[in-house]
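Observations on chain architecture
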Amino acid sequence: MMALEGFRFRRGESFIHRSDPRAKFLLSFAFMAMAIAFVKLKFLLLILALQLAILANGRCLKDWIRSLKGLVPLIALIFAAQVLVSWSWVSALTYSVRFVAVTSTMSWFLLTTSPDDLGLSLEQVGLPSDISFAFTMAIRFVPVISYEFQSVYDAQRSRGLELEKGSFVQRIRKYVPIIVPVFIETIRRTYEIADAMEVRAFGAKPKRTRLNVLVMRPSDWAISLVAVLLLLGTVFLQLSNAKVPWINA
Amino acid sequence: MLPLNVKNLTFTYEGNDFPSLVDVSMKVEEGEFVLVTGPSGCGKSTLCKSFVGLVPHSYPGKMEGDVEVFGFSVKEKPVSEIATRAGLVFQDPENQLFTLSVENDVAFGPENLALPRDAIRERVDWSIGAVRIADLRHRAPFELSGGQQQRAAIASILAMKPTLMIFDEPTAFLDPASAKSLFELIYSLKKELGITVVLVEHRLDMVAALASRVVVLDGGRVVLDGDPREVLSNKVLERIGVGAPAATRLCMRLRERGFGLEAPISVEEAAKEILKVLGGTSLGRDRG
Ligand SMILES: Nc1ncnc2c1ncn2[C@@H]1O[C@H](COP(=O)(O)OP(=O)(O)OP(=O)(O)O)[C@@H](O)[C@H]1O
Ligand SMILES: [Mg+2]
């Protein structure tokens, strides 16, 4: 659960928090594309550093570090696998940094973007409102359900359920008394949420209006422009095989 | 036009071989505050759902009889249309807040009605003011206490501008202090907005004095319906496992012992009654 902490929205007033989700998404996507396209340690570290600056602006470095701690086993796995495959420390380090750089693109985006605004921006780029709303709700209820999982987990353990012992298959089977109650509870919750939506006239009109509307500010256009240029540059370098120092040479 | 007119309603959920409501008839007049109570599983929530059309529209089953809301049969109107006249507040506030801010949640209903932005803003301002949480406008549900969450849920229903409000055990998830303040809020909303209220509740000690009428259900049937004093002092309550207010029970016990007491519905009334038979009056002043 700790790994998820670095992806959960925290309200804030920073520049990055106030930026338009569409602009942020483009930038996040550009970073991800670059980190995937160019496997060069120096360059990946640069991308990571830029994203750390963004996280620092949003005052969510701490959350990012916490999620990083949760990801340590995965990072270690990538590192070890790379050492075994290529027998190169540099390559192992490069791939580990790349993993962190890629996950960070999602981390800062989700940490600084309210799911409400995310849903709103999906709607404003033309997605039907039920779909964008389902998306917002999923994000809204993930912490609620994970909290429920945690409390059933604790309750069953306090009744003597031993999850750490036994073979892999045995341990999986021991999760049944946790999964089943959480599953049933989630279904019950779904019904209640559906009722609560209906009594507020969900689906009454083919097109709902919105109280808040997202407006791109000049700084949002600037962010988008930078992101598009970075994406174009990435595509160009990938197609042309040109070698540029720092990036891929 | 009667806010609610339930006519011989019998309802069996699809898949059940027993009815959850049996031949229920009740009328609710404008401006009433009706308290509905009964043991667990007696059909209170099913009845609430039928008041706004969720039964039978969202919960299929066999329905006989009818429910009329302001003269219209719930069978003939979609839930979204009934919602602008009759609002339903549920138990668990968490499942009634879908977004990440009070403002967005309260705006949700008016947005669904496709109202213009100015009208939505006006309704949001008005609703959060009415439940006294204007300062929590930009908070997320998980940043609110249970009582505040339930107020937000009430505001989100108020924003639909209903003239009948139904509350299904709205304090089930709240501590006694928050529950008390929520009941006070509901009572003041009724007074200030002139709406009609149906409240399902089992914490009778706290709400008996607010109600103008009490309806008791058992096994899907209406077993008692009438003046709070008469209903709450009825012997039937004990038999079906409904706890009358402690003050009422105390005085009924004393009456059985031969004291000439009236049935009270609040601690204050009980104190007055007891002092009356004791022949003293000064103590009553101190106790307030
Ligand atoms: N969705 C459903 N499908 C099938 N049966 C249901 C459904 N909801 C309720 N019931 C059944 O209908 C009966 C009445 O339930 P209801 O929830 O209306 O009672 P209640 O008085 O609100 O109970 P509680 O005090 O526990 O809230 C119960 O026997 C219950 O099992
Ligand atoms: Mg109920």
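It should be noted that the structure appears before, not after, this text.
Here, residues in each chain are numbered from 1, in the same order as that chain's written sequence. Written order decides the labels, with chains lettered from A and ligands numbered from 1. Where totals are concerned, whole chains, interfaces and linings use all residues; where local detail is concerned, this predicted model gives features only for residues with pLDDT of at least 70, and gives and counts side-chain atom pairs only at 80 or more. Side-chain measures were taken over the full set of non-hydrogen atoms in the model, leaving aside hydrogen atoms and water.

Quick look at the overall build of chain B
Applied cut-off: Each helix is a run of DSSP H or I of at least 4 residues and each strand a run of E of at least 2, with the numbering of both proceeding from the N terminus. Note that accessible areas follow from Shrake-Rupley with a 1.4 Å probe, and for residues the cover is restricted to the protein chains shown. When charges are counted, neither His nor the chain ends are considered; positive counts come from Lys and Arg and negative counts from Asp and Glu. Here the site of a charge means atom NZ of a Lys, CZ of an Arg, CG of an Asp or CD of a Glu.
Counting secondary structure elements, chain B contains 13 helices and ten strands. If one aligns the C-alpha atoms of chain B with their principal axes, the spans along those axes are about 65 × 45 × 35 Å. Here chain B displays about 12300 Å² of accessible surface, and carbon together with sulfur accounts for 49% of that area. Positive and negative side-chain charges in chain B, numbering 33 and 39 respectively, have mean positions lying 4 Å apart.

Re the pattern of salt bridges
Any two side chains of opposite charge can pair, on the condition that their charged atoms come close. To keep it simple, the criterion reads: Salt bridge, as used here: a side-chain nitrogen of Lys or Arg that lies within 4 Å of a carboxyl oxygen of Asp or Glu.
The full count for this structure, using the stated rule, is 24 salt bridges over all chains. With a shortest N-O distance of 3.6 Å, Arg217(A) and Asp220(A) are connected by a salt bridge. A single network of salt bridges, built from pairs that share partners, joins Glu123(A), Arg208(A), Arg210(A) and Glu111(B).

With respect to the nonpolar core
Applied cut-off: The nonpolar core is taken to be a set of buried Ala, Val, Leu, Ile, Met, Phe, Trp, Tyr and Cys residues, with the residues joined through side-chain atoms within 4.5 Å. Residue burial is assigned from relative accessible area. The probe radius is 1.4 Å, only protein chains are included, and a residue is buried under 20% of its type maximum, exposed over 50%, and partly exposed in between. Segment limits for the domains were obtained from an automatic or database-derived domain assignment. The contact definition used throughout considers only heavy atoms, calling two residues in contact when any of these lie within 4.5 Å.
If you look at the biggest cluster of nonpolar residues, it comprises 100 residues, and the most contacted ones within it are Phe51(B), Val67(B), Ile154(B), Ile166(B), Val198(B) and Leu199(B). Broken down by element, this core gets its largest block of residues, six residues, from helix H7 (residues 176–193) of chain B. Residue contributions to this core reach at least three from each of two domains, namely domain 1 (1–85 + 162–232) and domain 2 (101–158) of chain B. Non-local contacts of Leu199(B), meaning those with residues more than four positions away in its chain, are made with Phe33(B), Val34(B), Leu35(B), Val36(B), Phe167(B), Pro170(B), Phe183(B), Ile186(B) and Val207(B). In terms of nonpolar packing, the next biggest core, distinct from the first, is built from 30 residues, Phe38(A), Ile47(A), Trp64(A) and Ala101(A) among them.

Here's the deal with the packing of helix H5 (residues 61–86) of chain A against helix H6 (residues 89–112) of chain A
Residue and element names in this part refer to chain A. What counts is decided by this rule: Whenever a helix is involved, its axis is fitted only over the stretch in contact; in every case the axis is a line through C-alpha atoms, and angles between N-to-C directions fall within 0 to 180 degrees. Note that the term roughly parallel is reserved for angles under 35 degrees, roughly antiparallel for angles over 145, roughly perpendicular for angles of 65 to 115, and oblique for everything else. Note: crossing handedness is left-handed where the near helix turns anticlockwise from the far helix by less than a right angle, and right-handed where it turns clockwise. Gly falls in the polar group here, along with every residue not listed as nonpolar (Ala, Val, Leu, Ile, Met, Phe, Trp, Tyr, Cys, Pro) or charged (Asp, Glu, Lys, Arg).
Contact geometry of H5 with H6 gives a least axis separation of 8 Å together with a crossing angle of 150°. Classified by the interaxial angle, the pair formed by H5 and H6 is roughly antiparallel. The chirality of how H5 crosses H6 is right-handed. Between H5 and H6, the contacting residues are Asp63, Trp64, Leu68, Leu71, Leu74, Ile75, Ile78, Phe79, Gln82, Val83 and Ser86 on the first element and Trp89, Ser91, Ala92, Leu93, Tyr95, Ser96, Phe99, Val100, Thr103, Ser104, Ser107 and Leu111 on the second. Grouping the amino acids of the contact of H5 with H6 by side-chain chemistry returns 15 nonpolar, seven polar and one charged.

A closer look at the site of ligand 1
All names here are of chain B. As a reminder, the rule being used: Only heavy atoms are used to decide nearness, and a residue is near a molecule or strand if one of them lies within 4 Å of it. N or O atoms within 3.5 Å of each other form a polar contact, as long as, within protein, one can give a hydrogen and the other can take it, and as long as residues adjacent in sequence are counted only when both atoms are side-chain atoms.
Contacts to ligand 1 come from 13 residues, most closely from Ser20, Gly41, Lys44, Ser45 and Thr46. For ligand 1, an oxygen atom lies 3.0 Å from a polar atom in the side chain of Ser40. Against a free-state accessible area of 630 Å², the protein chains account for coverage of 66% of ligand 1. A per-element tally of the shell around ligand 1 places helix H1 (residues 44–51) first, with three residues. For the shell around ligand 1, the residue count by class is four nonpolar, seven polar and two charged.

Topic: helix H6 (residues 146–158) of chain B
All names here are of chain B. Stated formally: Given a helix with a known number of residues, its expected span is that number minus one, times 1.5 Å.
Taking 1.5 Å of rise per residue, the 13 residues of H6 would be expected to cover 18 Å, and the 18 Å separating its terminal C-alpha atoms lies within 8% of that figure. With eleven of 13 residues buried, H6 lies mostly within the body of the structure. Looking at H6, one finds that the buried residues are Gly147, Gln149, Gln150, Arg151, Ala152, Ala153, Ile154, Ala155, Ser156, Ile157 and Leu158. Residues of H6 that are buried sit in contact with strand E6 (86–89), helix H4 (102–112), helix H5 (117–130), strand E7 (164–168) and H7.

On their own, these measurements won't tell you what the molecule is for.
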